[in-house]
Amino acid sequence: MIWFKKKTREELVEKRAESVLACLLGNAEFEFTDLERVQILNNVRRGLSDHLKFKQSAYIELSVNNQQFAKE
């Protein structure tokens, strides 16, 4: 019987980072310049930042609603 070791979150994050980097550095469709790679990563960072800010706002709103409900 074969047992597979479950990957840690850190290993999963590292694998995803390697995958994204390989996609950017690969020349399957396009050959990006260093400047274009930086622009792509900045856009990804900006998008993730916006996503996290949205989630933060949603959780704060949920928390406020739950506190108000608990007081009632």
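Refer to the preceding data block for the structure.
So, a few notes on the structure that sits alongside this text. Computed from a predicted structure; not experimentally measured. (Residues numbered from 1 in each chain as written. Predicted model: local features only at pLDDT ≥ 70, side-chain atom pairs only at ≥ 80, totals over all residues. Heavy atoms only, no water.)

It is worth spelling out the overall build of the protein at this point. Check the secondary structure of the protein and you find 2 helices and 0 strands. Over its C-alpha trace the protein gives a radius of gyration of 20 Å, far above what one expects of a compact globule, namely 11 Å for 72 residues. In terms of overall dimensions, the protein has a C-alpha envelope of 60 × 50 × 15 Å along the principal axes. Out of the 72 residues belonging to the protein, those deemed buried represent 3%. Put simply, the protein shows about 7,400 Å² of open surface, and 60% of that area lies on carbon and sulfur atoms. Positive and negative charge centroids in the protein, built from 12 and 11 side chains respectively, lie 6 Å apart. (Helix = DSSP H or I, 4+ residues; strand = E, 2+ residues; numbered from the N terminus. Rg over C-alpha atoms; globule rule 2.2 N^0.38 Å. Buried < 20%, exposed > 50% of the residue type's maximum accessible area, 1.4 Å probe, protein only. Areas by Shrake-Rupley, 256 points an atom, 1.4 Å probe, with all protein chains shown as cover. Lys, Arg positive; Asp, Glu negative; His and termini not counted. Charge placed at Lys NZ, Arg CZ, Asp CG, Glu CD.)

What follows covers the environment of asparagine 43. Mapped onto the elements of the fold, asparagine 43 is located in helix H2 (residues 34-71). Looking at asparagine 43, the relative accessible area reads 48%, which means it is partly exposed. Engagement of the side chain of asparagine 43 in a polar contact is seen with the side chain of arginine 46, the distance being 2.9 Å. (Polar contact = N/O pair within 3.5 Å; in protein donor to acceptor, adjacent residues only side chain to side chain.)

What follows concerns the pattern of salt bridges. The final tally for this structure, using the stated rule, is 2 salt bridges. A salt bridge links glutamate 11 to lysine 5; the nearest nitrogen and oxygen atoms lie 3.7 Å apart. For glutamate 11, a relative accessible area of 35% puts it in the partly exposed group. On the accessibility criterion, lysine 5 (66% relative accessible area) is exposed. The partner of aspartate 34 in a salt bridge is arginine 37, and the shortest N-O contact between them spans 2.9 Å. Remark: arginine 37 and aspartate 34 occur in helix H2; sequence separation between them is 3 residues, near one turn of the helix. Relative accessible area serves as the criterion here: at 16%, arginine 37 is assigned to the buried category. (Salt bridge = Lys/Arg side-chain N within 4 Å of Asp/Glu carboxyl O.)

What follows is about the environment of lysine 71. By the element assignment, lysine 71 lies in helix H2. For the pair lysine 71 and tyrosine 59, spaced 12 residues apart in sequence, the C-alpha to C-alpha distance is 18 Å.

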